[in-house]
Amino acid sequence: MLRLRWESALLLLGVGSLLAAKVNKHKPWIETSYHGVITENNDTVILDPPLVALDKDAPVAFAGEICAFKIHGQEMPFEAVVLNKTSGEGRLRAKSPIDCELQKEYTFIIQAYDCGAGPSGTNWKKSHKAVVHIQVKDVNEFAPTFKETSYKATVTEEKIYDSILQVEAIDEDCSPQYSQICNYEIVTTDVPFAIDRNGNIRNTEKLNYDKQHEYEIMVTAFDCGQKRATEDVLVRVDVKPVCKPGWQDWNKRIEYKPGSGSIPLFPSIHLETCDGPVSSIQTTIELQTNYIGKGCDRETYSEKSLQKLCGASSGAIDLLPTPSAATNWTAGLLIDNNDMIFKFDGKQGAKIPDGIVPKNLTDQFTITMWMKHGPSPGLRAEKETILCNSDKTEMNRHHYALYVHNCRLVFLLRKDFDQADTFRPAEFHWKLDQICDKEWHYYVVNVEFPVVTLYMDGTTYEPYLVTNDWPIHPSHIAMQLTVGACWQGGEVAKPRFAQYFHGSLASLTIRPGKIESQKVISCLQACKEGLDINSLESLGQGIKYHFNPSQSVLVMEGDDIENIDQGLQKVSYINSRQFPTAGIRRLKVSSKVQCFGEDVCINIPDIDAYVMVFQANEPKITISGMDHFARPATQFESERGVTLLPDIRIISTVTKVEHSVDFKENDGVHKPVVLEEMVHNLDFCDILVIGVELDPRQECLELDRKELQGKHLDATNSTAGYSVYGVETMRNYELVLRQVRYRNWHTFNIFDRKFRIKCSELNGRYTSNDFNLEVNILRNSNSNFMEHVNHMAIQPQFLQSIHHPEESINSIHGSVVPSVATIVIIICVSILVFIIALGIYRIRTSHQHSSMENEGSKENEMDWDDSALTITVNPMEKYEAPRHVEEESEEEVEEEDEDTTSDESGDSEEEEEEEEEEEEEIGNEGDKQNATRQQQLEWDDSTLPY
């Protein structure tokens, strides 16, 4: 039974399959290939031909219908759907938006499937495989962008370029239509430039550097869909002048502040050769300072101070000193620019007083001078005398002379018969171009007879011609030494000057008995400014350089342009003076170039620049110390005398203004002034006597010469005062001045001495204040006065300091100083008039008055030496009547009231008259009592030095 059922089922299945096979006999049919287009960012695909599947089983249901289209390929972004089963129409579409920039084409396989033999879809059939090729259509969604953020080019003026530079833009679209740039355009208007479709920019006219150095233009781009670039690009075109060989990147003005040391002149300079075939170059840098002082910035100290500073031997005689009361023979000469340069115009000469220079020079002596001289005027030039020693009267013999003749320097030296009696050298001639070049030069004539040597600017020159002559016959005729002309005392109707000099002279000195060394000569003529090279070791190996002796000219030579550039960048200006001469220093740079095998080489124009040296801050030199003191006469009469300036102090300050950062807020407001101490040298300090000059028979100023040892200092002494000179520090000047002493071995007719101290830097360019010192001499007649002072000195607890307002310090000082001298004079007169009784009483009274009046001020201004005084108490004071004590106290109160309310000068004279009248009245009333008291008084003067 069961078997029959299985057999029946199998039979039915076989029959059904057979029937189905008979129903779905054919496979669907589609085209073998399809071409489609899809627009990016869209999902619809347009196929050619349309997607349609046919089945021959139609119109049989299911078997003749199309149920699906299947795409074969890896992750294809497309799908096919059946729109109508009966007609077999289908559609191909994208699963998501298609981006052309990611993929432009797609190719895949597609098949169609029928619905099978029944609703279950069994026994379905599929078509053959068809190839589908789809292209993605681009959309112009991107704008052009430029490859560079900006463009720059350099052109030379006066040229037309086919292409100055090319700009380039790109587009990220996928199709040639939208990804290609079809056009460029210049947005900036009114510019002489054009651009083609490939982005090449050219100039439409010749450009001019002087008209415009630089152009800035904006450029845009368009793709073939005419979409414009989102951002325009900047194109900068620099115009350079036509290439001219020469030095580039240098400043015409170089500023120099005093104390700056060495500063580079051309730190960024370089040479433009315009690609010339340069093989070597020679560059000369010249610092032109011939119009500054004596040819350059030198120390302006006096000739004596300079010689001391340079180590020259002492004894030089300055024949052209600064005019003064002691050196008045230069007062009538023309002064050029400053008081150390004398200009001779052919009409002036100066007579040197007798005794300044020894009449008969030895076989060794030296003449030094600065001279600026030009060609002699006239066709037949006469002798131009610099220095001449000739007969004063009767005859016209020249004993020795230095003169210029036809641009030759000639030195004449005629010996006397008592010195030589043979034919000897007499005239020495030098022919030098510098003698008539109108420039300053330093000349030294060293005489070591019979050899005479000339040094000019430190270089030795031997005479080209030496002529001999007979010695001069001895005579009683006096000689006259002159400068600027020669004195013609004989053989003329009237003695006069002749052979005038035309030019300028300075520092003309003569030193008998000693010739100068080469080292001293170089020091005396050395310039304090010049050219320098920073870090010589860093110069290139191929660079050669050479300085002239004064370092005003530098020559550099090399074959590498870059090394020459670096070398010139290291050239600097230096001025070692603390107070340089302000003004302009001109610079000139000239170059010579050689080229490889070229007949014509490039020409390098010269550089004309200048260094501006600023004015240094002017120092204020201040002298301070004790300005008033008194000493016993015995100290002045002692062998050592009295030290005048034991505590002298010399300082120098400069005034500086503090500048605020915010200038606007401080406009119209006084800026704070700061005094800053400054250290520099001095070149002389004078101690001058005020009033009657010193009497050499009884007084003098002294200084031990050992105090000058080890210092560049020397000193001179005269009845007018004491002078210390030489270039030294302020500290050393203080040390020396503190050792100057005043001696007076006859003090009976003098009561005080006044001195004025004044110091200088740079030969009077900067001077100190006038420091006045008064010295009082105390003698034995002043014993009571000294006793009273000693009482004051040993009882400080009873003294009161009186503080004066700052404005009245000078007036108090003026009134106190003359009052002391007046009191001393009154005491002396009282001693002479009232002899014994009244003198002793009145001296004590008057000094008590003066001490109470000036108690505070004397403590500050008077320095009393009481080392030799003994305090003796009067044992008879108890016998004085109370009436006199009351009178004295009343008089003291009255005199104090009068003194405090009186004026400075007039009241002091009235006080003298009142005191003399009171002396007479009191003396008459108490004459009898004083006579008795004198016999009872005993003074202990055993220890007094009088």
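Whatever comes next refers back to the structure up there.
Definitions and cut-offs
- Residues numbered from 1 in each chain as written.
- Predicted model: local features only at pLDDT ≥ 70, side-chain atom pairs only at ≥ 80, totals over all residues.
- Heavy atoms only, no water.
- Helix = DSSP H or I, 4+ residues; strand = E, 2+ residues; numbered from the N terminus.
- Buried < 20%, exposed > 50% of the residue type's maximum accessible area, 1.4 Å probe, protein only.
- Contact = heavy atoms within 4.5 Å.
- Areas by Shrake-Rupley, 256 points an atom, 1.4 Å probe, with all protein chains shown as cover.
- Arc of directions from axis to C-beta.
- Polar contact = N/O pair within 3.5 Å; in protein donor to acceptor, adjacent residues only side chain to side chain.
- Core = buried A, V, L, I, M, F, W, Y, C linked by side-chain atoms within 4.5 Å.

Draft legend 1. Layout of the overall build of the protein chain. Counting its regular elements, the protein chain contains 14 helices and 57 strands. The burial tally for the protein chain puts 43% of its 946 residues in the buried class. By sequence separation, contacts in the protein chain at least 24 residues apart represent 72% of the contacts at least 6 residues apart. Surface summary for the protein chain: the accessible area is close to 50100 Å², and the carbon and sulfur share equals 50%.

Draft legend 2. Structural view of the environment of Ser-96. Here Ser-96 lies in the loop between β5 (89–94) and β6 (105–114). Spatially, the C-alpha atom of Ser-96 lies 6.5 Å from that of Asp-43, the residues being 53 residues apart in sequence.

Draft legend 3. Structural detail: helix α5 (residues 561–569). Every buried residue of α5 is listed here: Ile-564, Asp-565, Gly-567 and Leu-568. Within α5, the buried residues cover an arc of 165 degrees as seen down the axis, which keeps them to one side. Where α5 starts, the residue carrying a side-chain oxygen 3.1 Å from the main-chain nitrogen of Glu-562 turns out to be Asp-560.

Draft legend 4. Fine view of the nonpolar core. With 58 residues, the main nonpolar core has Leu-645, Ile-650, Ile-687, Leu-737, Phe-755 and Ile-757 as its most contacted residues. Those residues in contact with Ile-687 that lie beyond four places of it in its chain are Leu-645, Leu-701, Ala-720, Gly-721, Tyr-722, Leu-737, Val-740, Phe-755, Arg-756 and Ile-757. Trp-329, Met-369, Phe-411 and Leu-454 belong to the second largest nonpolar core, which has 41 residues in total.

Draft legend 5. Spatial organisation of unusual backbone geometry. For the bond running from Ala-58 to Pro-59, omega is 15 degrees, close enough to zero to count as cis. The topology assignment puts Pro-59 in the loop between β2 (45–48) and β3 (66–72). Put simply, Phe-449 and Pro-450 share a cis peptide bond, and its omega is 10 degrees. Positive phi, close to 60 degrees, is recorded for Cys-407, a residue that is not glycine. Here Cys-407 shows up in the loop between β28 (398–405) and β29 (408–413). With a relative accessible area of 24%, Cys-407 lands in the partly exposed category. A positive phi is found at Ser-507, a non-glycine position, where the angle reads about 55 degrees. On the secondary structure map, Ser-507 appears in strand β38 (residues 502–512).

Draft legend 6. Main features of the side chain of Thr-283. Position of Thr-283 among the secondary structure elements: in strand β21 (residues 278–288). When its relative accessible area of 1% is taken as the criterion, Thr-283 is described as buried. Not counting chain neighbours up to four residues away, the residues in contact with Thr-283 comprise Trp-247, Leu-554, Val-555, Met-556, Ile-564, Leu-568, Val-589, Ser-590 and Ser-591.

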